[in-house]
Amino acid sequence: MDHIVFKLNGIEHKADGRYSPDFTLNEYIRTVADIRDTKVMCKEGGCGACIVSVRASSPPTHEIKTFAVNSCMVSLFSCHGWDVRTAGYIGNSLMGYHDIQKRLAALNGSQCGFCSPGWVMSMYSLYESNPKLTVAEIENAFASNLCRCTGYRSIADAFKSFAIDAGDDIKQKLIDVEDFGSFKCDKKCKEGQKEDENESMWCIIERAENIPIVITGDGFKWYRAINLNDVFSAMGNGEYKLVAGNTGQGVFRIKEYPHNIIDISNVTELKGFDIDVNLILRAALSLTEMMLIILKLSKENEDFSYLKELWDHMDLVAHIPVRNIGTIGGNLILKHANNEFQSDLFVLLEAVGGMITIAEGVGRYSIMSLMDFLKTDMNNKVIMNVLLPPLSKYCILKTYKIMPCSQNSRAIVNAAFLFKFHHSSQILYKMSIVYGGISPHFVHAVKTEMALIGKDPFTNETLKITLTSLSEEINPEVMETEPSVDYRKMLALSLFYKAILSLSPDDKINPIYRSGGDVIKREVSKGNQYYDTDPSIWPLNKAIPKLEALVQCSGEAIYANALPKLINEVFAAFVLADTTPGSIISDFDTTEAFKIQGVVAFYTAKDIPGKNTFTPSNVPLMTADEEILCSGKVLFNGQPAAIIVANREFTANKAAKLVKIIYSVVNNNKPLITIDDVLKSPDSKSRVINNDSIKPSNLGNDVKHVVKGEFKTSDQFHYYIEPQTCVAKPIEGGLEVHSATQWLDLANVAIAQCLNIPVNSINVIVRKVGGSYGGKITRSAQIACAASLVAHLQRKPCRLVLSLETNMRSIGKRLPTLCNFEAGVDGKGVIQYLKNTFYQDNGHSINEVIVPLTVNHFFNCYDTQRWEIDANTVLTDKPSNTWCRAPGSTEGVAMIENIMEKIAYEIGQDPMQVRIVNMIREDNPLIDMIDQLKKDSEYDARMNEIEEFNKNNRWRKRAIKAMPMKYDVGYFGNYNSIVSIYHADGSVVIMHGGIEMGQGLNTKVAQVCAYTLGIPLEKVSVQPSTSFTSPNTMTTGASIGSECVSYATKKACEILLDRLAPIKAKGSYTWEELIAEAFHEEIDLQASYMYSAMKNEVKPYAVYAVCILEVEIDILTGNHNVKRLDLLEDVGRSLSPMIDVTQIEGAFVMGLGYWTQENLIYDPLSGRLLTDRTWSYKPPGIKDIPADMRIYFCKNSKNEFGVLQSKGTGEPALCLASVIIHAIRDAVRFARLEAGHPDEWLQIENPCTVENIFMAMEHKIEHFKLM
Ligand SMILES: Cc1cc2nc3c(=O)[nH]c(=O)nc-3n(C[C@H](O)[C@H](O)[C@H](O)COP(=O)(O)OP(=O)(O)OC[C@H]3O[C@@H](n4cnc5c(N)ncnc54)[C@H](O)[C@@H]3O)c2cc1C
Ligand code: FES
Ligand code: FES
């Protein structure tokens, strides 16, 4: 056979040599089958946006199974015999939605919705493969999917509702929302019943024959081998690559496929398992299959009971979709080819004395140790299997994997320890100590293993000898994107100590040490939301899911790149400057790029017909021209310098990397990456801009203590799941531009000026944006200009979707801040004077200075008369930093709250009391709110419990912290809304200038419209925002978009009501009759209104909030677990409570990521961002959220200044998340005191990563003891 056959959404497809090995299932789904419900972002298995469900069989059993895969990594040619399903197939607006989609939508687990189809298909595959899951199993199963909007709680609730042990609380939530017809579950998923059980079982390609296939294409041959003979004969045809699951590219990107590609995933000899003396696991077993086998065997066979420990560890390897097709052989070869790879499998197998079988030909096998395997030339060889030995009951295995987050991450350090004791004794006759993540060549701590023979490991004396020996042996090497060598070394020691703590007999261990033996595990999460709703004003204030939630969950929702395939379309990619800032570009060498078939054009700054800027100064807020394409001097490593155009996105991205930039000058100076770099540099004068100097209006004179310090915050990548995207299409008389932007006007004006064409010839269209968090306010205009330039010059539609690496390297992020402060306080902590000098890193340009916002929020809720502030912007050699959810406010609140904590510490007072004595008293509800939340969260009782816990646990510490916040909402700009009523049925359409990006703007606007007109919500629809209908509008951001557009809509509705009033007065009409009559009388049934900040119609106000957070730290690793969060926010009278709850949760969780996980590392020599992938940059996942998350709205709250009494919710809660650094510091402090360190203020570096927490402990070997 010369092609493969598979089914996609029930339709048979054939793929032959017209495609290529680099053509993924995702590309096929989206661009060939033109099914846009499956999304794509990272293309490396890290985000889950692309997940689809597969039903297929494989040898040796040929049992048909359902499983999820990351379609972005699966080669199209690997899909032979597969039945692939996408979100839009299992349910959609035409045929009705699937229960999973309904529940996800109903519980508001879909905000921007870009991640939703991936979640749906993960859950679908899971449920189809096992409908009898528990809540714990369900929550554990989603390491594969990221969501930046929701904060996960609502997603977890929706999916846990399918569990056999789902709690009444979750069921009740479903019942509550089932009031809304469209969310009602038609087919109730009864416990244990598969949704498809009675259907014709998917009509799959029945047990596709396992036949060899050879696909020949331009420059390649793809062999689908079914036996070893096929493999070796294909190998004989020259340079080759074996492919099993092809997930290895998620770790190490494949640069080029050789001529011959041999798919071994169906080779019979490589599938299945055997048990002779050993357990023999064949190499093409998927990691999922392997886990099933070892779990079963661990229960059935005592000699293999140790495999349960292996299973637990494997549960932390990658995530389910990767494990579903990623194989044992593939994992081990990744380790073989890249010794630095922290393969968990390798560590586990090596520790238990596993062996590996290598084939050089059919029947030519050699069995060797894994260490020998690492040294073996694997050319023309195949891994056949791995052998796991039986272990007697005197052998105990302990393994650990320490990651920067809870799941889906490479290990920072992983370790496996096998203790082999003499019979019925505690004396070791053999010890195996294996580590990963130390250095490429370090595997065993050989000397220590030897030293332990004949010893009882459970004594202080042996422990000391062992740790000292390990300390001598373990010398980690610097790895660019990995934590420091000091951390990894001490962590390795600490893990051994952990193993001893967990295994030590009771009589040999002080009980307070025992809990140090386990790793921290987040319990199954739960969440409660407390808010009132007033039925008398419904649909306003009614808790409803987002209007678009269902189409988002089926993938039908329209984003910029959802436009179906267009005739003659081309794809563009940026060529990025790849050297030190300050270098000068003189030319480009495109020879290699144009050798790739399909590359069609190349453009530089010289090709721009108009102005080379995407930040034109005639658009508000823009102060400096930033270039679309670098015209000479490189401003930062990663700056877009040119555009390459090709007939495939893949080709454009590949070709972009092959363009050689020629620099006439290469700047050899080290780039200035941080604020510190700038302050210390000779350039500091020109790079530091003083934005504000605020003087105190009075000073106190009772200074008892002087408190000084420095506080730094870092940057943060927005991590929208929808990449920066633009599809530009030439139309009659101009361009139609589908842009993932928060700002119609900026994109519109920038494109017009760049192309030198009238603004009115360009229609920028935004239906919705798949997450933005500020990152698509201004930066999106650069992408829009570039795509439009290509469309303009080529007269063809052009798609430009930034790859994750390009996105992370070229787009600015949250602004890092550095502050130096000094405060004089009296005995109670009342500030007598406070000086704060702070600097914010704007990147290379002065656009988007956030200093005023920072200053404002630095004031927080306090009396600031005695405060002096010196506020500065600093220019560094990085991309121009940009607004990121709660910009300025996050930094301002964090700075002052850090100062309050430090004052409290220095004077020995309760931190909340210090805050209270410094607070403004008038019109400040915070003191009552603090009292309320303390009561609701049982703060005092829990304080006592924590104290007790800490006394009894040397290596686990807990802390609880409270924090208040006043968030100022201010208004700027203008937003229009056009409300049109249709005479035929009285239905209403709204078009407005805001952007729906997940915050629920359209839903709120529709609620306001329905409420104002007095009609059912179902009568109202909201249509895309376009620059033709909404010219000159301000960006949607700063939490005010929903309110301003709601206001404009309300006013437009009132205009209509005024026009309808005379008719209404004539008699009693239904709405439909009224409108019909008005039409008859030729009344204008369309009205528009422009909200304008200058009109002062909606006045600034403050959002007040308090949170209380409890954290537990594993002192021996630096990992943490947020045990509980209580958050009370004054949201006014919420326009839409469910949406506001999820906004608050999402914002808070994004903040947790910022303060604890998300770490951007730059190369100090070149200025290049090193952590530019999902592998190295880790936003929170589903198991990183608080175990218990309770959100409360203030009762009976009104906001006389806001729109219909409401308040904005998109950003404020993010500012509260810095509470976690104070809780962590407290917990670490308790542990340090026990270790004998002096009681001193600890300034743990931000983000408070596992490394920074651990290093703050200053562990010493002598601290690690048993008694
Ligand atoms: C998002 C993500 C997270 C991950 N997290 C972890 C983690 O936490 N811990 C961890 O250890 N790993 C992790 N991995 C790695 C994962 O385990 C591997 O990608 C997977 O096991 C590779 O198997 P594969 O079949 O897909 O290999 P492929 O990608 O198909 O192949 C990888 C290499 O192995 C070769 N190969 C495959 N099988 C054989 C064989 N039988 N004989 C000889 N050569 C062979 C191929 O030629 C290729 O060079 C992660 C991967 C991803 C994508
Ligand atoms: S796009 Fe496939 S996992 Fe991110
Ligand atoms: S809803 Fe999940 S990323 Fe937006």
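In what follows, the structure referred to is the one given above.
Thresholds applied
- Going along each chain's sequence as written, the residues are numbered from 1 onward.
- Starting at A for chains and at 1 for ligands, labels are handed out in the order in which the entities are written.
- Note on the predicted model: pLDDT of at least 70 is required for a residue's local features to be given, and 80 or more for side-chain atom pairs to be given and counted; whole-chain, interface and lining totals, by contrast, use all residues.
- In computing side-chain values, all of the structure's heavy atoms are included and hydrogens and water are not.
- Strands here are runs of E lasting at least two residues and helices are runs of H or I lasting at least four, both read from the DSSP assignment and numbered beginning at the N terminus.
- Residue proximity to a molecule or strand is established when one non-hydrogen atom of the residue lies within 4 Å of it.
- Here a polar contact means two N or O atoms within 3.5 Å. Within protein one must be a hydrogen donor candidate and the other an acceptor candidate, and residues neighboring in sequence count only if both atoms are side-chain atoms.
- Here the Shrake-Rupley method, with its probe set to 1.4 Å, supplies the accessible areas, and only the displayed protein chains count as covering residues.
- Should any heavy atoms of two residues lie within 4.5 Å, those residues are considered in contact.
- Each axis is a line fitted through C-alpha atoms, and for a helix only the stretch in contact is used; angles between axes span 0 to 180 degrees, taken between their N-to-C directions.
- The scheme is simple: roughly parallel for angles under 35 degrees, roughly antiparallel for over 145, roughly perpendicular for 65 to 115, oblique for anything else.
- By convention, the crossing between two helices is left-handed when the near helix turns anticlockwise from the far helix through less than a right angle, and right-handed when the turn is clockwise.
- Lys, Arg, Asp and Glu make up the charged group, whereas Ala, Val, Leu, Ile, Met, Phe, Trp, Tyr, Cys and Pro make up the nonpolar group; the residues left over, Gly among them, are polar.
- Pairing between two strands is assigned when DSSP locates at least 2 bridges connecting them.
- Cavities and pockets are found on a 1 Å grid laid over the protein atoms alone: a cavity is a set of points where a 1.4 Å probe fits but cannot escape, a pocket is an open set with protein on both sides within 12 Å along at least five of seven lines, and a lining residue has an atom within 4 Å of such a point.
- Grid points are joined across faces, edges and corners, and a volume is the space filled by probe spheres set on the points.
- Three exposure classes are used, based on accessible area relative to the maximum for each residue type with a 1.4 Å probe and protein chains only: buried under 20%, partly exposed in between, and exposed over 50%.
- Salt bridge, as used here, is a side-chain nitrogen of Lys or Arg placed within 4 Å of a carboxyl oxygen of Asp or Glu.

Asks: Kindly report on unusual backbone geometry, identifying the contributing residues and their values.
Replies: Looking along the chain, the bond that leaves proline 59 and enters proline 60 is cis, with omega of 5 degrees. As for its position among the elements, proline 60 is in the loop between strand E3 (51-57) and strand E4 (64-70). Looking along the chain, the bond that leaves asparagine 1246 and enters proline 1247 is cis, with omega of -5 degrees. Along the chain, proline 1247 turns up in the loop between helix H36 (1219-1234) and helix H37 (1250-1256). Located in the positive-phi region is asparagine 568, a residue other than glycine, with phi close to 65 degrees. Structurally, asparagine 568 can be placed in the loop between helix H18 (549-554) and strand E19 (570-576).

Asks: Requested: an account of the site of ligand 1, with residues and values cited.
Replies: Of all residues adjacent to ligand 1, which total 38 residues, the nearest are Leu242, Thr247, Thr327, Asp344 and Lys401. Asparagine 246 places a polar main-chain atom, nitrogen or oxygen, 2.7 Å from an oxygen atom of ligand 1. The contact in question runs from an oxygen atom of ligand 1 to an N or O atom on the side chain of threonine 327, over 2.6 Å. For ligand 1, the accessible surface in isolation is 970 Å², of which the surrounding protein chains cover 95%.

Asks: Hey, could you go over the side chain of asparagine 1002 for me, with residue numbers and the actual values?
Replies: Within the secondary structure, asparagine 1002 sits in helix H31 (residues 1001-1013). Once residues lying within four places of it in the same chain are set aside, the contact partners of asparagine 1002 are Leu547, Glu548, His992, Glu996 and Val1022.

Asks: Quick one: what's the story with the packing of helix H3 (residues 99-106) against helix H4 (residues 116-129), residue by residue and with numbers?
Replies: At a minimum axis separation of 10 Å, H3 and H4 run at an interaxial angle of 130 degrees. The angle between the axes of H3 and H4 places the two elements in the oblique class. In the packing of H3 onto H4, the handedness of the crossing is right-handed. Taken together, the residues of H4 that come into contact with H3 (itself represented by Ile100, Gln101 and Leu104) are Ser116, Trp119, Val120, Met123 and Tyr124. Among the residues making up the contact of H3 with H4, the classes are represented as 6 nonpolar, 2 polar and no charged.

Asks: How would you sum up the sheet that holds strand E1 (residues 4-8)? Please name residues and give values.
Replies: By definition, the strands of a sheet pair up through backbone hydrogen bonds, in either a parallel or an antiparallel sense. The strand order across the open sheet built from 5 strands is E2-E1-E5-E3-E4, with neighbouring strands paired in mixed fashion. In the strand order of this sheet, the two ends are held by strand E2 (11-15) and E4, each with one partner. Adjacent strand axes in the sheet meet at a mean angle of 30 degrees when their direction is disregarded. Sheet topology places E3 next to E4; 7 bridges connect them, and they run antiparallel. By the bridge assignment for E4, alanine 56 is matched with lysine 65. Where helix H1 (residues 25-32) meets the sheet, its contacts fall on E1, E2, E3 and strand E5 (83-85), and the angle it forms with E1 comes to roughly 65 degrees. Docked against the sheet, H4 engages E3, E4 and E5, running at close to 30 degrees with respect to E3.

Asks: Can you explain the sheet that holds strand E15 (residues 395-402)? Please cite residues and give values.
Replies: Strand order in the open sheet formed by 3 strands is E15-E16-E17, with antiparallel pairing between adjacent strands. One side of each edge strand has no neighbouring strand; the edge strands of this open sheet are E15 and strand E17 (428-436). In this sheet, neighbouring strand axes are inclined to one another by 10 degrees on average, regardless of whether the strands run parallel or antiparallel. Bridge count for E15 against strand E16 (residues 413-421) is 8 bridges, and the pairing is antiparallel.

Asks: Go over empty space enclosed by the protein with me, naming the residues and quoting the values.
Replies: Evaluation of the coordinates by the stated rule reveals 8 cavities of 30 Å³ or more. Residue lining of the largest cavity: 18 residues in total, with Leu146, Gln407, Asn408, Pro1179 and Gly1181 positioned closest to the centre. In terms of residue class, the lining of the largest cavity is made up of 8 nonpolar, 7 polar and 3 charged. In this structure, the second largest cavity occupies an estimated 90 Å³ of space. Residue lining of the second largest cavity: 15 residues in total, with Phe614, Glu626, Phe636, Gln782 and His844 positioned closest to the centre.

Asks: Hey, could you go over the environment of tyrosine 720 for me, with residue numbers and the actual values?
Replies: In this structure, tyrosine 720 sits in the loop between strand E25 (705-713) and strand E26 (725-731). Look at tyrosine 720 and you get buried, because its relative accessible area is 1%. Separated by 572 residues in sequence, tyrosine 720 and arginine 148 place their C-alpha atoms 6.6 Å apart. Ignoring any residue separated from it by four or fewer positions in sequence, one finds tyrosine 720 in contact with Met41, Gly770, Gly771, Ser772, Tyr773, Gly775, Lys776, Asn807 and Ile811. Of the polar contacts made by the side chain of tyrosine 720, one reaches the side chain of glutamine 724; its length is 2.9 Å.

Asks: How would you explain the pairing of strand E22 (residues 640-646) if you had to name every residue and give the values?
Replies: Extensive coverage of E22 is indicated by the burial of 7 of its 7 residues. Bridge analysis of E19 against E22 gives 6 bridges, and the strand direction is antiparallel. Following the sheet pairing, alanine 573 is matched in E22 by isoleucine 644. In this structure, strand E21 (residues 599-603) lies alongside E22, joined through 4 bridges in antiparallel fashion.

Asks: Give me the pattern of salt bridges: which residues, what numbers.
Replies: According to the stated counting rule, one finds 75 salt bridges in the structure shown. Put simply, aspartate 22 and arginine 648 hold a salt bridge, and the shortest N to O gap is 3.0 Å. Of this pair, aspartate 22 sits in the loop between E2 and H1 while arginine 648 is found in the loop between E22 and helix H20 (649-658), placing the two residues 626 residues apart along the sequence. The exposure class assigned to aspartate 22 is buried, which follows from its relative accessible area of 16%. For arginine 648, a relative accessible area of 15% gives the class buried. Overlapping salt bridges bring together Glu897, Glu901, Arg915, Lys961, Arg1225 and Asp1226 as one network.

Such coordinate-based values are descriptive only and should not be taken to indicate function.
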